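Secondary and tertiary structure notes
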Amino acid sequence: MQSAIYETWRHVFKLDPDREISDEVLEAVCMSGTDAIIVGGTTGVTYDNTVDLMSRIRRYEVPCALEVSNEESAVPGFDYYFIPMVLNTDRAEWLSGHQVEALRKLGAFIPWDQTAAEGYLILNPDAKAAKLTGAKTDLDAESLAAHLYMADRLMRLPIVYLEYSGTYGDMQLVKRAGKLATGARVFYGGGIDSVDKARQAAESVHTVIVGNALYDHRLEAALSTVQAVKETVCSLLDS
Ligand code: 1GP
């Protein structure tokens, strides 16, 4: 089987179709040396704003993936598609309900070779996605480990996404969780806005995702995370 393109990604910028980004900033992001751009957001993501952002990113060579957060915004033409499944919620619609609904219509048209499920563990209670999905964010090390076993070993999901969107996570917890993955690629996102934080995260997970910092007048800091991540050796790769 061909390996998926995301398996080599160390650093990714996530861009939200519902947020404004100037041409200058977009150029800096796409030319930064990052491994890929993921397009995705929790609210306000539509077909039109997704097509618009994709076509602007397409002026550059950087690989571009869509994290499909709702059926309406499933736009063709991306290099890759990620389907989030929230694992730490009791609300089954966020684990499989919305996904099955979408697949009833779109299942036959999905480019399956370019599509992967992401097992989401949302760990910041203040994140929009946590509120929307009713995520149980207060996981101790044991509970997080149990979720990792479920995602990685039972469900054999290709990706586990440790999501702290908006805040920097508990890196000890992240590191311990990451070590339990045997097949899944571990993504981390949340609060990365400096070289130090980028390095710490890069040491603990396969792929570091940077979002908010690009929008909050911290562009230079956000851009500096690319090199920081790439220079850091990932502890998961030598185990
Ligand atoms: C959001 O995980 C990403 O889905 C990145 O988080 O926006 O906090 O950088 P930040």
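Everything that follows concerns the structure shown earlier in this document.
Residues numbered from 1 in each chain as written. Predicted model: local features only at pLDDT ≥ 70, side-chain atom pairs only at ≥ 80, totals over all residues. Heavy atoms only, no water.

1. Regarding the side chain of His206
- Of note, His206 is situated in the loop between α7 (195-204) and β8 (207-210).
- Look at His206 and you get buried, because its relative accessible area is 11%.
- Among the polar contacts listed, one links the side chain of His206 to the backbone nitrogen of Val186, at a separation of 2.8 Å.
- When neighbours within four sequence positions are excluded, His206 is seen to be in contact with Trp9, Arg10, Ala184, Arg185, Val186, Cys234, Leu236 and Leu237. (Helix = DSSP H or I, 4+ residues; strand = E, 2+ residues; numbered from the N terminus. Buried < 20%, exposed > 50% of the residue type's maximum accessible area, 1.4 Å probe, protein only. Polar contact = N/O pair within 3.5 Å; in protein donor to acceptor, adjacent residues only side chain to side chain. Contact = heavy atoms within 4.5 Å.)

2. Side note on the site of the ligand
- The immediate surroundings of the ligand are formed by Lys14, Tyr161, Glu163, Ser165, Gly166, Gly189, Gly190, Gly191, Ile209, Val210, Gly211 and Asn212.
- A distance of 2.6 Å separates an oxygen atom of the ligand from a polar atom in the side chain of Glu163.
- The side chain of Asn212 places a nitrogen or oxygen atom 2.7 Å from an oxygen atom of the ligand.
- The fraction of the free accessible surface of the ligand (300 Å²) that becomes covered by protein chains is 92%.
- A per-class count over the shell around the ligand returns three nonpolar, seven polar and two charged. (Near = heavy atom within 4 Å. Areas by Shrake-Rupley, 256 points an atom, 1.4 Å probe, with all protein chains shown as cover. Nonpolar A, V, L, I, M, F, W, Y, C, P; charged D, E, K, R; others polar.)

3. Things to note about the nonpolar core
- Counting 61 residues, the largest nonpolar core has Ile57 and Leu162 as its most contacted members.
- With six residues, the single largest contributor to this core is helix α8 (residues 219-231).
- Residues contacting Ile57, with those up to four places away along its chain left out, are Leu15, Leu26, Cys30, Ile37, Val39, Val62 and Cys64.
- Membership of the second largest hydrophobic core comes to 22 residues, among which are Phe82, Ala116, Ala127 and Ile159. (Core = buried A, V, L, I, M, F, W, Y, C linked by side-chain atoms within 4.5 Å.)

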